[in-house]
Amino acid sequence: MYVGIDVGGTAIKAGVVDENGSIIARGSVDSQPGSGAEMVRLMYVAMCHALDRGMISRDRVTAVGIGSSGLCDNEKGTMVYSPNIAYDNTPVREYFTERMDVRVDLDNDANCAAAGEYVVAGEGRGSFVFVTLGTGVGGGIIIDGKLLRGVNGGAGELGHTTVYPGGRLCGCGRRGCWEAYASVSGLINDARERGGWFAAQSEITGRTPFEGAAAGIPEAVEVRDRWIENVAMGVCNLVNVFQPDRLVIGGAISKEGENLLAPIRKFVSENAYTRGIPGLKRTEITAARLGNDAGIVGAAFLHKIH
Ligand SMILES: [Zn+2]
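Because the structure is predicted, anything quoted here is derived from the model rather than measured.

Trainee: With reference to specific residues and values, describe the packing of helix H6 (residues 207–214) against helix H7 (residues 218–242).
Mentor: It is the contact of H6 with H7, at a shortest axis distance of 8 Å, that shows an interaxial angle of 125 degrees. Between H6 and H7, the crossing angle belongs to the class labelled oblique. As for how H6 packs across H7, the hand of that crossing is left-handed. In this structure, H6 uses Pro209, Phe210, Gly212 and Ala213 to contact H7, whose residues at the interface are Ala220, Val221, Val223, Arg224 and Trp227. Looking at the contact of H6 with H7 residue by residue, the class counts come to seven nonpolar, one polar and one charged.

Trainee: Can you explain helix H3 (residues 109–120)? Please cite residues and give values.
Mentor: Compared with the 16 Å implied by 1.5 Å per residue over 12 residues, the 16 Å span of H3 between its first and last C-alpha is a close match. Three or more residues of H3 are buried, namely Asp109, Ala110, Asn111, Cys112, Ala113, Ala114, Ala115, Gly116, Glu117, Tyr118, Val119 and Val120.

Trainee: With reference to specific residues and values, describe the sheet that holds strand S12 (residues 246–250).
Mentor: Judged by pairing direction, the sheet is mixed, and its five strands sit side by side in the order S11-S10-S9-S12-S13 without closing on themselves. Among the strands making up the open sheet, the edge pair consists of strand S11 (146–147) and strand S13 (284–287). Two elements, strand S9 (residues 128–133) and strand S10 (residues 137–143), share six bridges in a ladder whose sense is antiparallel. Bridging across to S10, Leu133 finds its partner in Val137. Seen against the sheet, H3 touches S9, S10, S11 and S12 and runs at an angle of roughly 50 degrees to S10.

Trainee: Break down the sheet that holds strand S8 (residues 103–108) for me, with residues and values.
Mentor: Taking strand neighbours across the sheet as the criterion, the five strands line up as S3-S2-S1-S4-S8 in an open arrangement whose pairing is mixed. Two strands in the sheet have a free side with no partner beyond their single neighbour: strand S3 (23–30) and S8. With strand direction ignored, the average angle separating the axes of adjacent strands in the sheet is 15 degrees. Across the face of the sheet, helix H1 (residues 36–53) comes into contact with strand S1 (2–7), strand S2 (11–17), S3 and strand S4 (63–68) while running at roughly 140 degrees to S3. Packing against the sheet, H3 makes contact with S4 and S8, and its axis sits at approximately 115 degrees to S8.

Trainee: Report on the domain arrangement of the protein chain, specifying residues and quantitative values.
Mentor: With domains assigned, the protein chain is organised as domain 1 (2–118 + 293–304) and domain 2 (126–288). One C-alpha centre belongs to domain 1, the other to domain 2, and the line joining them spans 29 Å. The partner domain 2 presents 12 residues to the seven residues of domain 1 that form the contact. If you tally residues by element for the side of domain 1 that touches domain 2, the top one is H3, at six residues. For the side of domain 1 that touches domain 2, a count of residues per class yields five nonpolar, one polar and one charged.

Conventions adopted
- Residues numbered from 1 in each chain as written.
- Predicted model: local features only at pLDDT ≥ 70, side-chain atom pairs only at ≥ 80, totals over all residues.
- Axes fitted to C-alpha atoms, helices over the stretch in contact; angles between N-to-C directions.
- Helix = DSSP H or I, 4+ residues; strand = E, 2+ residues; numbered from the N terminus.
- Parallel < 35°, antiparallel > 145°, perpendicular 65-115°, else oblique.
- Left-handed = near helix turned anticlockwise from the far one by under 90°.
- Contact = placed C-beta atoms within 7 Å.
- Nonpolar A, V, L, I, M, F, W, Y, C, P; charged D, E, K, R; others polar.
- Expected span 1.5 Å × (residues − 1).
- Buried ≥ 20, exposed ≤ 12 C-beta atoms within 10 Å, placed from the backbone.
- Pairing = 2+ DSSP bridges.
- Domains from an automatic or database assignment.

Printed below as a string of structure tokens:
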């Protein structure tokens, strides 16, 4: 039995998770983002609530995982920094292990989501790339069961690979990053720049180009298809670099399902380095499965990738 704790700016949510990724019991407490020490105590309280609700004793829990935005040091077991929470190297693992005999892992949201999808969609085997398309483009890379961390622990910044030198300005301050094109923000920018039918819409979200395209609006088809091609180009780069068994696309936009996935698969099969060679295994490209519970389930499975 595992416990996953998803730490957010307004609530700390905990869940008792079984081997299949099902949440058996849940607990939640309000966040107090002012103090790191108080936040850790509340993480523990949220876990206790979940265990109490499920009438599960603490000694049945073999691993606790904690996911938070910002920077976590899993080696030291501390929360280092978060934009909204004053962590300041707060010892987290210690707080838990002083109170129960358990393995504790911590990591950021993106790596938690990657861990969750790796176990649920990738069956916890082989090499795996998780790409999340949202306000930005993030993700995680798992090679033979281990998260790729890099020399500073910051590997997996998939969105900040340059795809158009001198192109659109990215949030990171550089130009032409994949994120500036393949994020949902990029898609909304594409739609605004295109104008026409889009200019007549009261609000433009990531769904607007997909809805317009489904209704046969030419500008929407154009914007949607170009955006998908930009996503697919980056996905193809990842397939060439890592040749993973599976690549999972997450973020709310992944709910577009086959409208998004089928053209990406087509692009990759036509453009990947190994295209046209018969008899080779192909990277399976699928949509994320965990949805709203990705934070809890992913945190619970952190021990599988560390
Ligand atoms: Zn960038």
